[in-house]
Amino acid sequence: MTGKIALSSVSLIFACGTALFSDGYANNVIGSVLKHIYGTGSDGITTNYSTTLSSVAFAGTVVGMFTFGYLSDKAGRKFGMMSATGIVAVFSGLSSASSGANNSLDGMLAMLIACRFLLGIGIGAEYPCGSVSASEQSEEEGIAKNSQHQWLVLATNTMIDFGFVIGAFVPLVLYWIFGDNHLRAIWCLSLGLGVVPATGVFFWRLHMEEPNRYKCDSMKHVHIPYRLVIKRYWHGLLGISLAWVTGGNSSLTVVFGWSVVINLFYIPGTVIGAFFVDLMGPKATMITGLLTQAVIGFIMSGLYTQLSQHVAAFAVGPGNCVGVVAAKSGPTAVRGQYYGVAAATGKIGAFIGTWVFPVMIKDFGGSSSAKGNTGPFWFASGLAILSAIIVYFLVTPLDHDGMKKEDAKFRQYLAEHGFDVSRMGLPKTEITGSAVKDTDSATKV
């Protein structure tokens, strides 16, 4: 019986988090196939179109993170997750079917840009809905305490990295099948296949209930006292947001174009990291990863010529832990918004990095010179050290079952400031599972 409970609980974590595979796939799949089909310059894909195409997906993702961060808390986790997967499925299909009137290239690109923006909203929605739900499911009955963070990492960050790999690999396989004479088919199929995982997860989630933590401690039907929330959690949110901006290593991989190979090396890193995060704790693991990234970055800068032949060295980082910390640091009542703000801040930082690093490479001497390629590594390694310092001073360590404890502390904090905590949680008419409103949790600190 225990084995069945554990399997069911793990399955729910993956049902919540696996849709992030669609994020990795959709972000990586579009690649440069479009330019090969239509060419570049005045008669093909102009620089403005190419820039717009990448920018609108980013803008949509940020909009999705902010909007669905709120909806995740006020409309419900399941509503947010079902909406997110539905949006991704629909606009992955429409992206594949993009076309212009009378085969107009401009019309096709305009439709594709619109679809990519709306697809980005669905992708962004998965972070404060799917990841947050997965974090809450990771502390349910049936999940061993010493593997709570592990299952969350495997269901979220590992899925994103796996999506990056598949997103790079699918166009390659389709190219092997179709060859140079059917590039449009490669492009359409690559984008269209994004419908498959999103649709599968949609039906997987169809019969899910709200997580028990949300049933007990949400503020779905209560006005959220934002002043009190900000007063209690601003420093932690600031630390996580800054760490997400300064600690990422994705911009470094832009320097090297081996998309499939580089993304493939993320997989062992994220899986191995998942088995350390419970042992060391997310905060300590994250600081260790950041400092390791900094050291390796400095080594790569000094030994660039030799190490550039070993691509695996360029795919390291603390990405596993920042999502865990963001998903589990805030209280259930505002967890979606807390995570959404942190993730959106990190996404904005990564977007700025994609613009800054090419300029930096040019200023250091250009991509054809060793100095031009190593300069960004010196800078990024310094940022990693800065991020480690931020995490050390601003981020609170996480305990197992930490969300339940934090919710109890939050209830007590609200009660001490005159807030009626008896109104928190879902009414019994909305609860179909085993959870009941934990009105006594204010005393269970």
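Notes on the structure in this doc start here. Values in this document were obtained by computation on a predicted structure and should not be read as measured data.

Thresholds, definitions, all that
Residues numbered from 1 in each chain as written. Predicted model: local features only at pLDDT ≥ 70, side-chain atom pairs only at ≥ 80, totals over all residues. Heavy atoms only, no water. Axes fitted to C-alpha atoms, helices over the stretch in contact; angles between N-to-C directions. Helix = DSSP H or I, 4+ residues; strand = E, 2+ residues; numbered from the N terminus. Parallel < 35°, antiparallel > 145°, perpendicular 65-115°, else oblique. Left-handed = near helix turned anticlockwise from the far one by under 90°. Contact = heavy atoms within 4.5 Å. Nonpolar A, V, L, I, M, F, W, Y, C, P; charged D, E, K, R; others polar. Salt bridge = Lys/Arg side-chain N within 4 Å of Asp/Glu carboxyl O. Buried < 20%, exposed > 50% of the residue type's maximum accessible area, 1.4 Å probe, protein only. Expected span 1.5 Å × (residues − 1). Bend = angle between axes of the 7 residues up to and from the residue. Core = buried A, V, L, I, M, F, W, Y, C linked by side-chain atoms within 4.5 Å. Patch = residues over 30% accessible without salt bridge, like charges linked within 9 Å, V, L, I, M, F, W, Y side chains within 5 Å. Areas by Shrake-Rupley, 256 points an atom, 1.4 Å probe, with all protein chains shown as cover. Polar contact = N/O pair within 3.5 Å; in protein donor to acceptor, adjacent residues only side chain to side chain. 1 Å grid on protein atoms, 1.4 Å probe; cavity = no way out; pocket = protein on both sides within 12 Å on 5 of 7 lines; lining within 4 Å. Points joined across faces, edges and corners; volume = space filled by probe spheres on them.

Re the packing of helix α12 (residues 226-246) against helix α19 (residues 335-364)
It is the contact of α12 with α19, at a shortest axis distance of 9 Å, that shows an interaxial angle of 30 degrees. If you check the angle between α12 and α19, you find them roughly parallel. Seen along the crossing, α12 lies across α19 with a hand that is right-handed. Packed against α12, whose contacting residues are Tyr226, Tyr233, Gly236, Leu237, Ile240, Ser241, Trp244 and Val245, the element α19 presents Gln337, Tyr338, Tyr339, Val341, Ala342, Ala343, Thr345, Gly346 and Gly349 at the interface. The residue inventory of the contact of α12 with α19, partitioned by class, reads 11 nonpolar, 6 polar and no charged.

With respect to the pattern of salt bridges
Charged atoms that come close allow side chains of opposite charge to pair. Enumeration over the complete set of coordinates arrives at 13 salt bridges. One salt bridge connects glutamate 136 with arginine 77, and the closest N-O pair in it is separated by 2.7 Å. Taken as a pair, glutamate 136 in helix α6 (residues 105-137) and arginine 77 in helix α5 (residues 77-96) lie far apart in primary sequence, 59 residues in all. Judged by its relative accessible area of 0%, glutamate 136 is buried. Look at arginine 77 and you get buried, because its relative accessible area is 0%. A salt bridge links lysine 145 to aspartate 401; its shortest N-O distance comes to 3.2 Å. Of this pair, lysine 145 sits in the loop between α6 and α7 (148-155) while aspartate 401 is found in the loop between α20 (370-394) and α21 (402-416), placing the two residues 256 residues apart along the sequence. Using a relative accessible area of 52% as the deciding quantity, one classes lysine 145 as exposed. A relative accessible area of 18% means that aspartate 401 is categorised as buried. In this structure, a network of salt bridges that share partners links the residues Asp73, Arg77, Glu136 and Arg335.

Topic: the packing of α5 against α6
To characterise two packed helices, one gives the angle between the axes of the helices and the distance between these axes. Between α5 and α6, the least distance of the axes is 8 Å, while the angle of their chain directions is 150 degrees. Taken together, α5 and α6 sit at an angle that is classed as roughly antiparallel. Handedness of the crossing formed by α5 with α6: left-handed. Class assignment of the residues belonging to the contact of α5 with α6 gives a composition of 16 nonpolar, 7 polar and 4 charged.

A few points about α19
Helix length check: α19, at 30 residues, gives a terminal C-alpha distance of 42 Å against a target of 44 Å (1.5 Å per residue), a fit within 8%. Of all the bends in α19, the greatest reaches close to 25 degrees and is centred on threonine 354; the proline proline 358 follows between one and four positions later. Of the residues trailing α19, glycine 365 is marked for its positive phi of about 135 degrees.

Description of the nonpolar core
Counting residues in hydrophobic clusters, the biggest one holds 70 residues, and the most contacted among them are Tyr127, Met219, Ile240, Trp244, Tyr339, Phe410 and Leu414. Here the element with the most residues in this core is α6; it accounts for 9 residues. Setting aside residues no more than four positions away along its own chain, tyrosine 127 makes contact with Leu20, Asp23, Met65, Val132, Ile160, Tyr339, Ala343 and Lys347. Tyr25, Val29, Ile30 and Trp187 belong to the second-largest nonpolar core, a separate cluster that totals 18 residues.

Re the environment of valine 222
Relative to the helices and strands, valine 222 is located in the loop between α11 (212-217) and α12. We classify valine 222 as buried; its relative accessible area is 4%. As for valine 222 and aspartate 420, which are separated by 198 residues in sequence, their C-alpha atoms are 9.7 Å apart. Among residues more than four places away in sequence, those in contact with valine 222 are Lys74, Phe419, Arg423 and Met424.

Thoughts on a nonpolar patch on the surface
A grouping of Tyr70, Tyr226, Ile230, Trp234, Leu238 and Leu242 is seen on the molecular surface, where their side chains present a nonpolar patch of about 570 Å² in accessible area. Among the elements that take part in the nonpolar patch, α12 stands out by supplying 5 residues, more than any other. For tyrosine 226, the location among the structural elements is in helix α12.

Regarding the environment of arginine 411
Mapped onto the elements of the fold, arginine 411 is located in helix α21. On a C-alpha basis, the gap between arginine 411 and methionine 424 in space is 8.9 Å, while along the polypeptide they are 13 residues apart. Of note is the side chain of arginine 411, whose polar atom sits 2.6 Å from the side chain of aspartate 217. In this structure the side chain of arginine 411 is engaged in a polar contact, spanning 3.2 Å, whose partner is the backbone oxygen of valine 421.

Quick notes on empty space enclosed by the protein
Overall, the coordinates contain 1 cavity of 30 Å³ or more when judged by the stated rule. In this structure, the largest cavity encloses a volume near 50 Å³. Counting residues per element, the ones that place at least two in the lining of the largest cavity are α2 (20-29), α5 and α6. Take the lining of the largest cavity: its biggest share by element is 3 residues, from α2. When grouped by side-chain class, the residues that make up the lining of the largest cavity number 5 nonpolar, 3 polar and 1 charged.

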